[in-house]
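Spelled out from the first residue to the last, the chains are:
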Amino acid sequence: MNEIIRQKGKTSQGRLLFINPATAQAFGEIATTDPEGVSSVVAEMRAAGVVWGKTPLRERIAVMKQLYQLLFDEIDEITAVITQDTGKPRQEALIEVFTSLNYFSTLLKKAPQWLKTERVGTGLQFFKKAWIQQKPYGVVAVIAPWNYPFILTINPILGALISGNTVVAKGSEVTPAVGALLQRYFGRIPGLSDKIRFVFGGGEVGAALVAAVPDLVYVTGSVETGRKISEAAAQNLTPVVCELGGKDAMIVLADADLEAAARWGVWGAFSNSGQTCMAPERVYVVNSVYEAFLDAVQREIERLQVGYSLQVDAKNHYGSMTFPKQVEIVTDHITDAVEKGARIVCGGNHNGMFYEPTLAVGLSESMKVAREETFGPVMPIIPVNDAAEAIQRANDSPYGLSASVFGEDEAQARRVAAALAVGTVNINDTLTHYGIPQLPFGGVKRSGTGRSNGKAGLLEFTQPIGYVSGKPKSFDIATLIRKPGNYSLAKGALLALLAPTFQQKWAGVQQLLRR
Ligand code: NAD
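Residues numbered from 1 in each chain as written. Predicted model: local features only at pLDDT ≥ 70, side-chain atom pairs only at ≥ 80, totals over all residues. Heavy atoms only, no water.

**Digging into a nonpolar patch on the surface**
On the surface, L124, F126, F127, F475, L494, L497 and L498 cluster together into a nonpolar patch covering about 690 Å² of accessible area. Structurally, L497 is set in helix 19 (residues 487-498). (Patch = residues over 30% accessible without salt bridge, like charges linked within 9 Å, V, L, I, M, F, W, Y side chains within 5 Å. Areas by Shrake-Rupley, 256 points an atom, 1.4 Å probe, with all protein chains shown as cover. Salt bridge = Lys/Arg side-chain N within 4 Å of Asp/Glu carboxyl O. Helix = DSSP H or I, 4+ residues; strand = E, 2+ residues; numbered from the N terminus.)

**Notes on unusual backbone geometry**
Notably, A24 is not glycine yet its phi reads approximately 60 degrees, a positive angle. A relative accessible area of 17% means that A24 is categorised as buried. Although it is not a glycine, L431 adopts a positive phi angle of roughly 60 degrees. Its location among the elements puts L431 in the loop between strand 19 (424-427) and helix 17 (454-458). Looking at L431, the relative accessible area reads 8%, which means it is buried. (Buried < 20%, exposed > 50% of the residue type's maximum accessible area, 1.4 Å probe, protein only.)

**Points about the pairing of strand 6 (residues 139-143)**
Remember that side chains alternate between the two faces of the sheet whenever the strand is regular. Judged by how many residues are buried, strand 6 sits mostly within the fold: five of five residues are covered. Burial along strand 6 is two-sided: the residues V139, A141 and I143 and V140 and V142 are all buried. Pairing of strand 6 with strand 7 (residues 166-170), which is carried by five bridges, proceeds in the parallel orientation. Across the sheet, residue V140 finds its bridge partner in strand 7, namely V167. In this sheet, strand 9 (residues 216-220) lies alongside strand 6 in parallel orientation, the contact comprising four bridges. Its bridge partner lying in strand 9, A141 is registered against V217. (Pairing = 2+ DSSP bridges.)

**Describing the environment of V51**
Looking at where V51 falls in the secondary structure, it is placed in helix 2 (residues 38-54). For V51 and K195, which are 144 residues apart along the polypeptide, the C-alpha to C-alpha distance reads 9.7 Å.

**Examining the site of the ligand**
Around the ligand, the surrounding shell holds 29 residues, and the nearest of these are A144, E173, S222, T225 and E373. The contact in question runs from an oxygen atom of the ligand to an N or O atom on the side chain of K170, over 2.8 Å. At 2.6 Å, a side-chain N or O of T225 approaches an oxygen atom of the ligand. Of all elements in the fold, only helix 9 (203-211) and helix 10 (223-234) reach the threshold of two or more residues within the shell around the ligand. Taken together, the residues of the shell around the ligand sort by class into twelve nonpolar, twelve polar and five charged. (Near = heavy atom within 4 Å. Polar contact = N/O pair within 3.5 Å; in protein donor to acceptor, adjacent residues only side chain to side chain. Nonpolar A, V, L, I, M, F, W, Y, C, P; charged D, E, K, R; others polar.)

**Concerning the sheet that holds strand 5 (residues 129-136)**
If you trace the three strands from one edge of the open sheet to the other, you get 4-5-20, paired in antiparallel fashion. The open sheet has two free edges, formed respectively by strand 4 (118-120) and strand 20 (462-469), since each of these has just one partner strand. For this sheet, the mean angle separating the axes of adjacent strands, direction not counted, is 30 degrees. (Axes fitted to C-alpha atoms, helices over the stretch in contact; angles between N-to-C directions.)

**So, the packing of aromatic side chains**
The final tally for this structure, using the stated rule, is 13 aromatic pairs. Between Y68 and F104, the ring centres sit 5.1 Å apart and the planes meet at 75 degrees, which makes this aromatic pair edge-to-face. With Y68 in helix 3 (residues 57-73) and F104 in helix 5 (residues 90-114), the pair connects residues that are 36 residues apart, well separated along the chain. Grouping aromatic residues by their ring pairs yields a cluster made of Y68, F72 and F104. Stacked on the ring of Y148, the Lys or Arg K88 has its end atom at 4.2 Å from the ring centre. (Phe/Tyr/Trp six-rings, centres within 6.5 Å; stacked < 30°, edge-to-face > 60°. Lys NZ or Arg CZ within 6 Å of the ring centre and 35° of its normal.)

**Regarding helix 10**
Under the 1.5 Å per step criterion, the end-to-end length of helix 10 is 16 Å for twelve residues, consistent within 8% with the ideal 16 Å. Among the residues of helix 10, those classed as buried are V223, G226, I229 and A233. When helix 10 is viewed along its axis, its buried side chains cluster within an angular range of 125 degrees and face the same direction. When the buried face of helix 10 is taken as reference, the exposed residues oriented beyond 90 degrees from it are E224, K228 and E231. Where helix 10 is buried, its residues meet strand 6, helix 9, strand 9 and strand 10 (240-243). (Expected span 1.5 Å × (residues − 1). Arc of directions from axis to C-beta. Contact = heavy atoms within 4.5 Å.)

**Things to note about the pairing of strand 19**
Judged by which residues are buried, strand 19 turns out to be one-sided: T424 and N426 face inward and are buried, whereas V425 and I427, on the alternate face, are not. Bridge count for strand 18 (residues 402-406) against strand 19 is four bridges, and the pairing is parallel. Each bridged residue has a counterpart across the sheet, and for A403 the counterpart in strand 19 is V425.

**Section: the nonpolar core**
Core analysis: the largest hydrophobic core is formed by 53 residues, its most contacted members being L67, L71, F150, I157, I162, F186 and L192. The dominant element in this core, judged by the number of residues it contributes, is helix 5, at nine residues. Apart from the residues within four sequence positions on either side, L67 is in contact with F104, L158, Y185, F186, I189 and L192. Listed in part, the 33 residues of the second largest apolar core include I251, V327, I382 and V416. (Core = buried A, V, L, I, M, F, W, Y, C linked by side-chain atoms within 4.5 Å.)

**A word on the pattern of salt bridges**
Where side chains of opposite charge bring their charged atoms close, a pairing between them can arise. In total, this model carries 22 salt bridges according to the counting rule given. By sharing partners, the salt bridges in this structure join E365, R371, E389, R393 and D396 into a single network.

**Some remarks on the side chain of Q326**
With respect to the element layout, Q326 can be found in helix 13 (residues 324-339). Once you skip the residues sitting within four places of it in the chain, Q326 turns out to touch W146, Q275, M321, T374 and F375.

Honestly, that's just the spatial picture; any functional story needs more than this.
Okay, here's the thing in structure tokens:
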């Protein structure tokens, strides 16, 4: 592998080079942030948050609409930078931008409803009013990965800002050009330029950011990093939202439309060179359709063109891998599988950063490719006896990000979906669940502790603060039970109002009447 590509993601003499992994060309650089200076950046954003957090939501939305407009004006520049930073086709870069702007548009419309102060009942304190206000945390640290460097950096920033937080963002060191671009865009919106700071560098800068005690950490990355950050944040009890890795299962039931399952399964597994957290990485196929599905998948794979171009109308389906280390991981998984007896039906090799579309069968649970996150253009296909075995094997994993189920009988597909221990299930498609802005996305088990998208995703950036108002009235039960000497009255009220059986309630009423 070319020497310059090996520099990708590595800090050298206080700078990070922008390196195109597909062409091995440097196309810019940015100075890294001194880890020792990160706490003053957090302090600066904490000071800025005092005003922003109190700015009415409609004013925050008005400011953010300027950014929304700017992003539309710069779509082609954004996709060009993403493509150079990652090696993915312009159209795949556009899907990132499309999905992000769709989410942004939903946020602008829905935030007033989702963040609205909510009146709640006061239970037995009949004469009071109670309400819940969603308050921003303060300073949110957004730590992002390289696989979708635009959407996974900007979306949490948007959620954090619209709900009244200020932000210190650290994009991935592997894709610093996208981070630099975002820094430039936010700098162009006067109402936002002092509400966000970007820091640049590797894990050491991320660790300094966590150690600087922001009010919330929102990390998208690997399970290992999520664990390290959670451990470090625990020193200060800083809350952490983790959006982590997966080993998503795809299930093909006996009645599936096999052509569709092959087409959209292959699309999900190979787009973005397989570097997608919710890519199908284990395909469980019911025996009766296994051979036919395998044939259909092979036909789909034969159509795939792998290559690189900066042109918007390029015909390649996917591009280079983004990070040299990821090529090593994929190679290791395939070597391990072959050594343990797997058959590589096609692919299995790479030319520099370009990894062939790879189809693996004859797998066992001892193989890395069947259990660990591969994060590359590899589709492992595993036959199972029936839906029950597919569910059991899909759930036999420490991960639980998302899954897909293919079947024509919608009711059966829904039953299978409901039995899966994951955060989201996509029936008869792959990946697209992330693109529905109102649908929460996130993992169970080791795949994460929080949600992005939807109301649940937005409320990750706020704390529900409770308020209650009202002078104690002398005849209110909540007042009467405070007064010494009222034990039997209080017990009578407790029984009459809350006891589980009629007899106890009636005993309570009698006790009250005796008073
Ligand atoms: P990574 O864990 O290596 O890095 C993520 C970010 O954490 C980077 O910015 C990195 O610099 C930073 N970091 C690393 N060590 C740190 C530390 N000790 N303290 C603070 N920050 C630290 O992940 P990656 O390789 O960039 O991304 C790929 C992973 O992300 C895959 O596992 C993928 O499944 C996962 N992912 C998850 C989602 C999701 O929504 N659940 C989405 C995309 C990617």
